[in-house]
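Structural characterization, general
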Amino acid sequence: MNREAWQHVVHDARNGNEALFNKAVTSNFQEHFYKSILKTVQDKDLTLEIYNSTMFKFWERFILKGEDLP
């Protein structure tokens, strides 16, 4: 996803529409992050835990606290 797409996702989530955010997070895991995290930690469960923790922090900072995307 590009920056503009993420801005749209974040904007919608801040306004109560979490569906697009959930879809983006789910699809990005398999498409972009799973293999690289797994390669580093070499554990499927830990891979998912790391990604979920990261997305939780993303949610806190950019949705709940309203920080600007980097």
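Structure report, in brief. Quick caveat: nothing in here was measured; it's all calculated off a predicted structure.

Moving on to the packing of aromatic side chains. A complete count under the given rule lists 8 aromatic pairs for this structure. Centroid distance F33 to Y51: 5.5 Å. Interplanar angle 35 degrees. Geometry classified as tilted. Of this pair, F33 sits in helix α2 (residues 19–41) while Y51 sits in helix α3 (residues 44–64), and the two are 18 residues apart along the sequence. Judged by its relative accessible area of 5%, Y51 falls in the buried class. Clustering of aromatic rings is evident, with ring pairs tying together W6, F21, F58, W59 and F62.

It is worth spelling out helix α1 (residues 3–14) at this point. Between its first and last C-alpha atoms α1 spans 16 Å; for 12 residues at 1.5 Å apiece the expected length is 16 Å, and the two agree. For α1, the full list of buried residues reads W6, V9, V10, D12 and A13. For α1, the arc enclosing every buried residue in end-on projection is 165 degrees, short of the 170-degree limit, so these residues lie on one face. Along its buried surface, α1 packs onto α2 and α3.

Turning our attention to the pattern of salt bridges. Side chains carrying opposite charge are able to pair once their charged atoms draw close together. Under the definition given, this model contains 2 salt bridges. One salt bridge in this structure joins K57 and E60, with 3.1 Å as the shortest N-O distance. Linking K57 with E60, this pair stays in helix α3, spanning 3 residues, or about one helical turn. With relative accessibility at 48%, the residue K57 sits in the partly exposed group. Residue class for E60 comes out partly exposed when judged on its relative accessible area of 24%. Measuring nitrogen to oxygen at the nearest pair gives 2.8 Å for the salt bridge that ties R61 to E67.

Rules behind the numbers
Residues numbered from 1 in each chain as written. Predicted model: local features only at pLDDT ≥ 70, side-chain atom pairs only at ≥ 80, totals over all residues. Heavy atoms only, no water. Phe/Tyr/Trp six-rings, centres within 6.5 Å; stacked < 30°, edge-to-face > 60°. Helix = DSSP H or I, 4+ residues; strand = E, 2+ residues; numbered from the N terminus. Buried < 20%, exposed > 50% of the residue type's maximum accessible area, 1.4 Å probe, protein only. Expected span 1.5 Å × (residues − 1). Arc of directions from axis to C-beta. Contact = heavy atoms within 4.5 Å. Salt bridge = Lys/Arg side-chain N within 4 Å of Asp/Glu carboxyl O.

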